[in-house]
Amino acid sequence: MNASLNEKLSNVEWGEYRLGDLFEKISVNSLKYKTSELPNIPTNECVLPALTAGIQNQGLNNYVPRDNATILKNVISISANGANTGATFYQSKEFTVLQDAYAIKWIYTDEKLSDNSYIFLTSSIHKTIYGNYEWTNKAGWERIKNDKIKLPTKNGKIDFDFMESFIAELEAERVAELEAERVAELSAYLKVSGYDNYELSADEVDALRKFETLEWNSFNLKDLFGQSTRGKRLKSADRISGDLPFVTAGEADEGISAYISNDVEVFEKNTTTIDMFGSAKYRNYKYGADDHIAVVHTEKLPKYASIFVTTAIHKSSHNGQFNYGKNFYAKDADELFIQLPVKNGTPDFETMELLISSVHKLVIKDVVLYSDKKIAATKKIVSDN
């Protein structure tokens, strides 16, 4: 929260109010459904969100038929059981109460509260009761109605105008933060990928368009990149902590099991590793490797062409033919054949570069679109309120 909003909170006058003097518990029809038998998404029959003691989705984790249900809207819900007892939410859309929770409404019917005022009140209630009750001391209405919440005041009365403006400004600040995050994310992705923007060039568009008609041929890894290198064993107990990534077999953390300072062979970046199971990974950094790793020396290739080759290697080597009983070794890499697009009978590394560059840009574009949707959804919530 920015300094302006903090300053507003510190400068406003505050008063204490007993919950029971402001709200009353709403009586609802008892529904005899079992949550285990109810859907967690709406169906043709079960269309009404039902409140339980959960904290996910504002406690609305099941759906029930509308028949015989007390339908509530624009009220505050409170969890009364379990680990989330005291969790408080403003429910602006239709729902009903199922079990282990209840709803409260503003007691003064002549005062119609706005959504922003309800949000502010909900926050104040949550701050007062959540964490002060537990499984053996549940946040039931008879207990919490005597708790006091702090609210902004003006001339001795609750200052609803302050609540309204404060929540509106807070929401506007969040939208601005999301837009700033979007710009930062885009800048970071572009910087890492070495791009100025994520728009496809004419050559990249053409490469994607011609992908289905590419001519392919089979090539032996050793013929393309020379003899592969096998790493050397370095027991866990012998590894000295340092900055050099040490690659072993496995998928977790891209196979990096430690960072070491031991005197080991350091492999160049822009190379490909293949582990004992045939899983190939592109490395854009220098690293060490144990004896379950084969290193394919693609370092002379352009970066994106090397990534394409890594994918081709993985497709050929990781088909279940290698396992604990039959490990993949450097000699297997030397005998491996991969499929690559060709031009005039030789590997078309230029097309490989364009294809991988296109994929990178399309992924970045998806991230940007996702961020835009997130911002648009937040703006809609703000405008609806």
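In this text, all values refer to a predicted model and were calculated from it rather than measured experimentally.

Thresholds applied
- Residues numbered from 1 in each chain as written.
- Predicted model: local features only at pLDDT ≥ 70, side-chain atom pairs only at ≥ 80, totals over all residues.
- Heavy atoms only, no water.
- Helix = DSSP H or I, 4+ residues; strand = E, 2+ residues; numbered from the N terminus.
- Expected span 1.5 Å × (residues − 1).
- Buried < 20%, exposed > 50% of the residue type's maximum accessible area, 1.4 Å probe, protein only.
- 1 Å grid on protein atoms, 1.4 Å probe; cavity = no way out; pocket = protein on both sides within 12 Å on 5 of 7 lines; lining within 4 Å.
- Points joined across faces, edges and corners; volume = space filled by probe spheres on them.
- Nonpolar A, V, L, I, M, F, W, Y, C, P; charged D, E, K, R; others polar.
- Pairing = 2+ DSSP bridges.
- Axes fitted to C-alpha atoms, helices over the stretch in contact; angles between N-to-C directions.
- Contact = heavy atoms within 4.5 Å.
- Salt bridge = Lys/Arg side-chain N within 4 Å of Asp/Glu carboxyl O.

**What about helix 3 (residues 115-129)?**
The terminal C-alpha atoms of helix 3 lie 21 Å apart, and with 15 residues this matches the ideal 21 Å at 1.5 Å per residue to within 8%. Of all the positions in helix 3, only Asp 115, Asn 116, Ser 117, Tyr 118, Phe 120, Leu 121, Thr 122, Ser 124, Ile 125 and Ile 129 are classed as buried. Positive backbone phi, approximately 95°, marks Gly 131, located one or two places after helix 3.

**Thoughts on the environment of Gly 345**
With respect to the helices, strands and loops of the structure, Gly 345 is situated in the loop between strand 19 (337-343) and strand 20 (346-347). Its relative accessible area of 46% is what places Gly 345 among the partly exposed residues. Residues Gly 345 and Trp 216, 129 residues apart in the sequence, show an inter-C-alpha distance of 9.0 Å.

**Quick notes on the layout of surface pockets**
Here the second largest pocket defines a volume of roughly 370 Å³. If you list the elements that add at least two residues to the lining of the second largest pocket, you get helix 3, strand 9 (148-154) and helix 5 (160-193). Counting residues per element, the lining of the second largest pocket draws most heavily on helix 3, which supplies six residues. Each residue belonging to the lining of the second largest pocket can be placed in one class, and the counts come to nine nonpolar, three polar and two charged.

**With respect to unusual backbone geometry**
With phi around 60°, Gln 58 is a residue other than glycine that occupies positive phi space. As for its position among the elements, Gln 58 is in the loop between strand 3 (48-51) and strand 4 (60-64). Even without a glycine there, the phi angle at Asp 253 is positive, about 55°. By secondary structure assignment, the location of Asp 253 is in the loop between strand 13 (241-247) and strand 14 (256-260). For Asp 253, a relative accessible area of 61% corresponds to the exposed category.

**With respect to the environment of Val 205**
Along the polypeptide, Val 205 turns up in helix 6 (residues 202-209). As a C-alpha pair, Val 205 and Leu 354 span 149 residues in sequence and 8.7 Å in three-dimensional space.

**Overview of the sheet that holds strand 14**
The three strands are arranged 14-13-17 in an open sheet whose pairing can be described as mixed. Each edge of the open sheet carries a strand with a single partner, namely strand 14 and strand 17 (288-289).

**Some points on the sheet that holds strand 8 (residues 101-106)**
The strand order across the open sheet formed by four strands is 2-8-5-6, and the pairing between neighbours is antiparallel. The open sheet terminates on both sides in strands that have one partner only, identified here as strand 2 (23-25) and strand 6 (88-91). Here the strands of the sheet are splayed against their neighbours by 30° on average, with no regard to which way each runs. Sheet analysis places strand 5 (residues 75-79) next to strand 8, joined by four bridges and oriented antiparallel. In the sheet register, Ser 77 faces strand 8, and the bridge partner there is Ala 103. Relative to the sheet, helix 3 contacts strand 2, strand 5, strand 6 and strand 8, its axis offset from that of strand 6 by approximately 165°.

**Regarding the pattern of salt bridges**
Enumeration over the complete set of coordinates arrives at eleven salt bridges. Between Asp 291 and Arg 230 there is a salt bridge, and its shortest N-O distance comes to 4.0 Å. Taken together, the residues Asp 291 in the loop between strand 17 and strand 18 (293-296) and Arg 230 in strand 12 (residues 229-230) connect sequence positions 61 residues apart. The buried category is assigned to Asp 291, whose relative accessible area is 11%. Residues joined by salt bridges that share partners form a network here, namely Asp 206, Arg 209 and Lys 210.

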